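Summary of structural features
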Amino acid sequence: MSLSGGCQCGAVRFRVEGAVRHTSVCHCRMCQKATGGLFGPYASFPAAALIWTRGQRKTFQNSDFIARGFCGDCGTPLTFEAASGDGGHIGLTIGAFDDPSALPPQRQIMVAERIAWIDALSDVPMRTAEEEAAGAAKYPPVVSRQHPDHDIETWPPTR
Ligand SMILES: [Zn+2]
Ligand SMILES: [Zn+2]
């Protein structure tokens, strides 16, 4: 298995070669903060399987044992790294992969700290396609500056 990914701006790109160990969503308060999301979605790989193909992450040591990696330019959360090396493993945020759908979570951890309303999320009303189109029509067309979901030759892109 070979999977690629990177941050939103494209300054940091990675590839993993080899099988994923496991995938999870972690509900702990640190993962909520580190991702700015509702939980930390991570896919664990042997550290040796990870290749930084463009740039390097910055890290913040958020506890004695764990550092969080992110893009220093755009802030996208990228890694969960145990100081011990976690037996030589590294967690990568599932949403940073070019195809997050390839890495469905296998388990939920630290569930005692989960945000209670997450359990009701699937019951929250969803906008219809018509409502989405009406919403989009209120704004000028979107010109994305997000890196595409695949590796590209030229960086930074010429605009
Ligand atoms: Zn970036
Ligand atoms: Zn966590």
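These remarks concern the structure in this document. Quantities reported herein were computed from a predicted structural model and do not represent experimental measurements.

1. Some thoughts on the overall build of the chain
Counting secondary structure elements, the chain contains two helices and ten strands. Mapped in sequence order, the helices and strands of the chain form the string β-β-β-α-β-β-β-β-β-β-β-α. Across its three principal directions, the C-alpha atoms of the chain cover 50 × 45 × 30 Å. Here the chain holds 159 residues, and the buried ones make up 32% of them.

2. Some remarks on the coordination of the zinc ion (ligand 2)
Reference values for coordination geometry: four tetrahedral donors around a metal ideally subtend 109.5 degrees, six octahedral donors ideally subtend 90 or 180 degrees. Those donors, Cys-26 (SG), Cys-28 (SG) and Cys-31 (SG), are the protein atoms that reach the zinc ion (ligand 2), and they lie 2.1 to 2.3 Å from it. In primary-sequence terms, the residues that donate to the zinc ion (ligand 2) follow C-x1-C-x2-C. As far as the burial class goes, Cys-28 and Cys-31 line up, both buried.

Here is what the cut-offs are and how they apply
- Residues numbered from 1 in each chain as written.
- Chains lettered and ligands numbered in written order.
- Predicted model: local features only at pLDDT ≥ 70, side-chain atom pairs only at ≥ 80, totals over all residues.
- Heavy atoms only, no water.
- Helix = DSSP H or I, 4+ residues; strand = E, 2+ residues; numbered from the N terminus.
- Buried < 20%, exposed > 50% of the residue type's maximum accessible area, 1.4 Å probe, protein only.
- Donors = N, O, S within 2.8 Å, 3.2 Å for Na, K, Ca; no water.

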